[in-house]
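Examining the three-dimensional arrangement
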Amino acid sequence: MINAQKIVLSDDMYCLGIESTADDFGVGIARSNGEILANAVESYIPVEGGIHPREAARHHAEVANKTLLQALTTAKIKPKDLTAIAFSMGPGLGPCLRTGATVARTLAAYLQIPLVGVNHSIAHIEIGKLETGVTDPVTLYASGGNTMVTAFESGRYRVFGETLDIALGNCLDVFGRQAGLKSQRGLPLGAAIEQQALRGKTLIRLPYVVKGMDLSLSGLVTSAVTQLQKGNHSLEDVCYSLQEHAFAMVTEVTERALAHTEKKEVLLTGGVAANNRLQEMLRIVSEEHGAKFNVVPKKFATDNGAMIAWTGFLAYSQGIVTPIDESYVKLRWRVDRADVPWIN
Amino acid sequence: MDKLDQQTVLLKKGAEANLYLTNWHGRPAVIKIRKQKKYRPEALDMQIRSHRTSHEAQLLHQTKISGVTTPLIYMVNMPESSIIMEYIQGVQVKQYINKAQKIEREKICLQIGELIGKLHKENLIHGDLTTSNMILNEQGTIFLVDFGLGEKNTELEAKGVDLHLLKRALQSTHFTFWETSFNDILKGYRLVLGDKFTEKVYEKTREIEKRGRYIEERKKHL
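Bear in mind the structure is a predicted one, so any value in this text is a computation, not a measurement. (Residues numbered from 1 in each chain as written. Chains lettered and ligands numbered in written order. Predicted model: local features only at pLDDT ≥ 70, side-chain atom pairs only at ≥ 80, totals over all residues. Heavy atoms only, no water.)

1. As for the overall build of chain A
Within chain A, the regular secondary structure consists of nine helices and 14 strands. Its C-alpha radius of gyration of 20 Å places chain A within 12% of the 20 Å reference for a compact globule of 344 residues. Taken over 344 residues, chain A has a buried fraction of 59%. Long-range contacts, defined as pairs at least 24 residues apart, comprise 76% of the intrachain contacts of chain A with a sequence gap of at least 6. Summed over all atoms, the accessible surface of chain A reaches about 13,600 Å², with 51% contributed by carbon and sulfur. Charge centroids of chain A, computed over 33 positive and 35 negative side chains, lie 3 Å from each other. (Helix = DSSP H or I, 4+ residues; strand = E, 2+ residues; numbered from the N terminus. Rg over C-alpha atoms; globule rule 2.2 N^0.38 Å. Buried < 20%, exposed > 50% of the residue type's maximum accessible area, 1.4 Å probe, protein only. Contact = heavy atoms within 4.5 Å. Areas by Shrake-Rupley, 256 points an atom, 1.4 Å probe, with all protein chains shown as cover. Lys, Arg positive; Asp, Glu negative; His and termini not counted. Charge placed at Lys NZ, Arg CZ, Asp CG, Glu CD.)

Next comes the structure, spelled out in structure tokens:
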């Protein structure tokens, strides 16, 4: 990263962002004033099981052209009007990240405009801030690959609590597959579990593992699957119990961070943010602490290119550019290792 | 709850429980009440609160056998998930070590290490080791409090997690000197449990850290 001089953004600047950390390939276009002009996404849907990184990467390469064109057409922007190309640099799956990075490098080199590497987790927080208007929240970022509670403190987004093993979305997906639930039209299995849970009545006791500010979900999913296989409980009841336990755990950790930092805003972001019950729990806890609860709009909850484009702008405005020969993807780029000079 | 003084003062509003200062038959005391959490189903909430209250009370008792100083318990009220215990006059270690001289800080950290060592020697796990959960009194004795997430556990894993959580807490609250302090704590721990065992526990801690998501160090193991 080169920290050049800060760049003053004018209103007619456009940044194109490419997202490809996991199963989604997204291209978004943001205007420097925060307007999102396009947000095209193509999702890889595995025939069976979870995401196969190589297959997902192959999918991304196949749809890249089409998705790019779709975004440019929707935004009514010509490539020559673009100011910068941003891309998801990590964390994520290697083959998927590299595919998106290759597209981004090619575009930047061809158009001779700057390339900006963006931290995927920070992009989820920044798009949430942009769309909801919060400025300094305690954020619960819960998706298929990440579950963490972060807040900005002395120069960085600090991790106050996180999963010690699998992510919340992953926990729901694994259970959903084991339970034989089918996803509908690209919706994650979490949505199918949520539907089942609405009809659940009896709470089954499952492991509730909070360790300090961290939590563990792998034992919970194993236990939920076992309960289902034993056949003593209905699918509805197991789905209900799984959700209540898992969401209460992340809510408890969020509450601890809220009490510790005394911040006045809570932001829910990431793919699992679409779940109504999780939203409800966090709303209750926020109100108890006199904090305003905000949730990222659904279309920006899952992985998308718009969040990369917008965060690319934030970084670019501070003079952050990524030379092509230093644009290696970072598979394990933790949120607390990334600079965020645009805050404060 | 019988014969509580009418006057109770809110000492601390925590995420999980509220602490009130009160009077227990003429002695200053603290009531710790685990509040009802409206976000989780009542049955689950009741189970979690009762579990943590009874565990905390049992552990506060067992720690004394291990030689670790903790507040005395006066009364446990399960239906209310509250504990009345001794009031410890002192400062949180969190505040103290931020202001203390280097040499003082080292002394305190050694003492913390010894306390954790004594706990672990008896297979007692604190579960939420932070410098806010340690109170230093005027005589220089450290009291460990807040055992709600604690347990009795013989596995190496539990001890490893305990040290991991303390390390994380130091990193986020004392980020300018956490490394020195953590090493001093390990020194104290070693005094109680010996080099070999300490190395085994800390090796486990490192393993737990690598299990986390997106950790650079994990590369070497792939």
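Let us keep going from here.
2. Structural notes on the nonpolar core
Among the nonpolar cores identified, the biggest contains 117 residues, and A:Leu16, A:Ile85, A:Leu168, A:Phe175, A:Leu217 and A:Leu278 are the most heavily contacted of them. Counting residues per element, this core draws most heavily on helix α7 (residues 235-261) of chain A, at 12 residues. Leaving out residues up to four positions away in the same chain, A:Phe175 has contacts with A:Ile193, A:Val221, A:Ala224, A:Val225, A:Leu228, A:Leu235, A:Val238, A:Cys239 and A:Leu242. Residues B:Ile97, B:Leu115, B:Phe177 and B:Ile185 belong to the second largest nonpolar core, which totals 34 residues. (Core = buried A, V, L, I, M, F, W, Y, C linked by side-chain atoms within 4.5 Å.)

3. Topic: the environment of A:Glu236
All names here are of chain A. Secondary-structure assignment places Glu 236 in helix α7. Look at Glu 236 and you get partly exposed, because its relative accessible area is 23%. Not counting the four nearest positions on each side in its chain, Glu 236 is found in contact with Gln 196, Ala 197, Arg 199 and Gly 200.

4. A few points about helix α4 (residues 156-173) of chain B
Between the first and last C-alpha of α4(B) there are 26 Å, a value that for 18 residues agrees with the 26 Å anticipated at 1.5 Å per step. Here α4(B) lies mainly inside the structure; 13 of its 18 residues are buried. (Expected span 1.5 Å × (residues − 1).)

5. Considering unusual backbone geometry
Residues and elements named next belong to chain A. The amide bond that connects Gly 90 to the next residue, Pro 91, takes the cis arrangement and shows omega of -5°. Backbone geometry places Lys 76, a non-glycine residue, at a positive phi of 55°. Along the polypeptide, Lys 76 turns up in the loop between α1 (53-75) and β5 (82-90). Residue classification places Lys 76 among the exposed positions, given a relative accessible area of 75%. One non-glycine residue, Gln 112, adopts positive backbone phi at about 55°. We classify Gln 112 as exposed; its relative accessible area is 73%.

6. Side note on the interface of chain A and chain B
If you look at the interface, chain A gives 40 residues, while chain B gives 31 residues. Here chain A packs against chain B, burying approximately 3,100 Å² in sum over the two surfaces, 53% of which is carbon and sulfur. Across the chain A-chain B interface, the total number found is six salt bridges. Residue B:Arg168 pairs with A:Asp214 through a salt bridge whose shortest N-O separation is 3.3 Å. Between the two partners, chain A and chain B, sit nine residue pairs in polar contact (both at pLDDT 80 or more). Listed by contribution, the elements that provide at least two residues to the side of chain A that touches chain B are β9 (156-162), β10 (210-211), α7 and α8 (276-288) of chain A. Sorting elements by how many residues they give to the side of chain A that touches chain B places α7(A) first, with 10 residues. Here the side of chain A that touches chain B is built from residues that sort into 16 nonpolar, 10 polar and 14 charged. (Buried area = accessible area lost by both parts, 1.4 Å probe. Salt bridge = Lys/Arg side-chain N within 4 Å of Asp/Glu carboxyl O. Polar contact = N/O pair within 3.5 Å; in protein donor to acceptor, adjacent residues only side chain to side chain. Nonpolar A, V, L, I, M, F, W, Y, C, P; charged D, E, K, R; others polar.)

7. Side note on the pairing of strand β3 (residues 24-31) of chain A
Residue and element names in this part refer to chain A. Taken across its eight residues, β3 has seven buried, putting it largely inside the fold. Note that β3 and strand β4 (residues 36-43) share seven bridges and pair antiparallel. When the sheet's bridge partners are listed, Asp 24 is paired in β4 with Ser 43. Counted between consecutive antiparallel strands, the loop separating β3 from β4 contains four residues, among which Gly 34 sits at a positive phi close to 95°. (Pairing = 2+ DSSP bridges.)

8. Considering the environment of B:Gln58
All names here are of chain B. Checked against the element boundaries, Gln 58 lands in helix α1 (residues 42-65). The class of Gln 58 is partly exposed, set by a relative accessible area of 45%. Along the chain, Gln 58 and Thr 69 lie 11 residues apart, while their C-alpha atoms are 14 Å from each other.

9. Some thoughts on the sheet that holds strand β2 (residues 17-24) of chain B
Residues and elements named next belong to chain B. Taken in spatial order, the five strands make up an open sheet running β1-β2-β3-β5-β4, and their pairing is antiparallel. Each of the sheet's edge strands pairs with one partner strand only, and the pair in question is β1 (9-13) and β4 (73-77). Averaged over all pairs of adjacent strands, the angle between strand axes in this sheet comes to 20°, irrespective of strand direction. (Axes fitted to C-alpha atoms, helices over the stretch in contact; angles between N-to-C directions.)

10. Details of the pattern of salt bridges
Inspection of every chain in the model, using the stated rule, returns 35 salt bridges over all chains. A salt bridge links A:Glu162 to B:Arg168, with the shortest nitrogen-to-oxygen separation between them at 3.2 Å. Of this pair, A:Glu162 sits in strand β9 while B:Arg168 sits in helix α4, placing the two residues on different chains. As a salt-bridge pair, B:Arg190 and B:Asp195 come within 3.5 Å of each other at their nearest N and O atoms. Overall, B:Asp195 belongs to the exposed group, its relative accessible area being 54%. By sharing partners, the salt bridges in this structure join A:Glu252, A:Arg256, B:Glu16, B:Lys32, B:Arg34, B:Arg40, B:Asp45, B:Arg49, B:Arg52, B:Glu56, B:Asp128 and B:Asp146 into a single network.

11. What to know about the sheet that holds strand β2 (residues 14-19) of chain A
Residue and element names in this part refer to chain A. Read across the open sheet, the five strands follow the order β4-β3-β2-β5-β6; overall the sheet is mixed. Of all the strands in the sheet, the pair left with one neighbour each is β4 and β6 (115-119). Geometrically, the sheet is characterised by an average inter-axis angle of 20° between neighbouring strands, direction not taken into account. Along the sheet face, α1 touches β2, β3 and β4 and points at about 155° away from the line of β4. Lying over the sheet, helix α9 (residues 305-317) contacts β2, β3, β4, β5 and β6, oriented at roughly 125° with respect to β2.

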